[in-house]
Amino acid sequence: MSSEPLAHEPVVEITQVRELARDLVVIPNRGVELVPNIGVIGGSHSVLVVETGMGPRNGEKVLAFATEYAKGRKLYLTTTHFHPEHAFGAQAFAGEATYLVNAAQATDLAGKGPGYLEMFRGLGAPIARQLEDVELVAPEVVYDDGYDLDLGGRVVRLRATGRAHSKGDQVVTVPDAGVLFTGDLVDAGQFPIFPWFPPYDTDVSGPRWIDVMHGLVATDPDVVVPGHGDISGSRLLADVRDYLELLRDETWVRRDSAMTQETIVAEVEALMIERHPDWAGQDWIRNGVGCFCAEHA
């Protein structure tokens, strides 16, 4: 999501589906903004879908693919956090799949979902079209810190990370395949998304996000499926951690001086773009600086 109106349709396309391991595929986002990477993970008796796409029509596409893939197996759905392109297609799965998330995400969805729905509808006609007829549905299974989902011969681990990109972030790990789904804790080829919109939403926490990234780096997965961007290896986790630490350090050293926040933003933006000239989403640097300024120790 950038400050410019979206010119394309944020539509999930069931193409270039990539098999990462036995009975584990990803519908890639193909580099399309506001389309997430979507996982479909199978076991002997059940299949878990990770993310829905934005709005009911994208959700229906994902459900149709998952139903065909499952071939009669029971369906589950989870989402990495409550933001619209990740979770606002869940209504398509009602009655077809069991929806489960962590408690903080369920609280986010109930409390902040309606506001995000209206905010995103204002980001341009293509987004508004995908969000037509959205109904926010409550998860059927809610856990506190962790949930081990037995799909039959394969256990998938759902873990709440605590406050970082949002209050309700969740990672999904498939231990037997060495695969980690991160949601927007990690995005590839772009600057990390800081949903820092004071006074309306200030839940993102830079220092906590860094702590979470240290924990994810320590797990050393073989394959990382980011919220957006190309599937990668564990190096991607370290790259995001290192960026966040540099953003913190460069912001805080200037915050300790007499600089205005606008000067801090300008200097830090220039430095980060110089370090990562090929990354998309330069607008998010400013939000990140604002967040770290507010959390200045």
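The model shown is predicted, which means the values in this text are computed figures rather than measured ones.

Enquirer: Give a description of the confidence of the model for the protein that names residues and reports values.
Expert: Residues of the protein with pLDDT of at least 70 account for 98%, and the chain-wide mean is 96. For the protein, per-element mean pLDDT is lowest for helix 4 (residues 125-130), which scores 96, and highest for strand 4 (residues 46-50), which scores 99.

Enquirer: Would you mind going over unusual backbone geometry in detail, with residue names and values included?
Expert: A cis amide bond links Pro198 with the next residue in sequence, Pro199, at an omega value of 0°. Relative to the assigned elements, Pro199 resides in the loop between strand 11 (179-183) and helix 5 (206-219). The backbone phi angle of Asp23 is positive, close to 55°, even though this residue is not glycine. Relative to the elements of secondary structure, Asp23 occurs in the loop between strand 1 (18-21) and strand 2 (24-27). With a phi angle near 60°, Arg30 is a residue other than glycine that sits in the positive phi range. Tracing the backbone shows Arg30 in the loop between strand 2 and strand 3 (38-42). Take Arg30: its relative accessible area is 31%, and that puts it in the partly exposed class.

Enquirer: How would you sum up the state of the cysteines? Please name residues and give values.
Expert: Under the definition given, this model contains zero disulfides. The thiol sulfur of Cys291 is not disulfide-bonded, and the nearest other cysteine sulfur, from Cys293, lies at 9.4 Å. You can call Cys293 buried: its relative accessible area is 5%.

Enquirer: An account of the sheet that holds strand 4 is requested, with residue identities and associated values reported.
Expert: Pairing is mixed across the open sheet formed by seven strands, whose spatial order is 1-2-3-4-5-6-7. With partners counted over all chains shown, the strands left at the sheet margins are strand 1 and strand 7 (141-143), one partner each. Sheet twist, expressed as the average angle between the axes of neighbouring strands with direction ignored, equals 25°. As judged from the three bridges shared by strand 6 (residues 98-102) and strand 7, these two strands associate in the parallel manner. Counted as the bridge partner of Val101 is Val142 from strand 7. Helix 3 (residues 103-121) contacts strand 6 and strand 7 of the sheet and is inclined by roughly 105° relative to strand 6.

Definitions and cut-offs
Counting restarts for each chain, with residues numbered from 1 along the sequence as it is written. Totals for whole chains, interfaces and linings use all residues, but because this is a predicted model, local features are given only for residues with pLDDT of at least 70 and pairs of side-chain atoms are given and counted only at 80 or more. The side-chain numbers reported here are obtained from all heavy atoms of the structure, hydrogens and water having been left aside. For every residue, the predictor reports its confidence as pLDDT, a number between 0 and 100. Numbering of helices and strands runs from the N terminus; a helix is a DSSP stretch of H or I covering at least four residues, while a strand is a stretch of E covering at least two. We call a residue buried when its accessible area falls under 20% of the maximum for its residue type, exposed when it is over 50%, and partly exposed in between, using a 1.4 Å probe and counting protein chains only. By disulfide we mean two sulfur atoms from cysteines, separated by a distance within 2.5 Å. One bridge is not enough; two strands pair if DSSP finds at least two bridges between them. Note on geometry: axes are lines fitted to C-alpha atoms, helical ones only across the stretch in contact, with angles between N-to-C directions running from 0 to 180 degrees. The contact definition used throughout considers only heavy atoms, calling two residues in contact when any of these lie within 4.5 Å.

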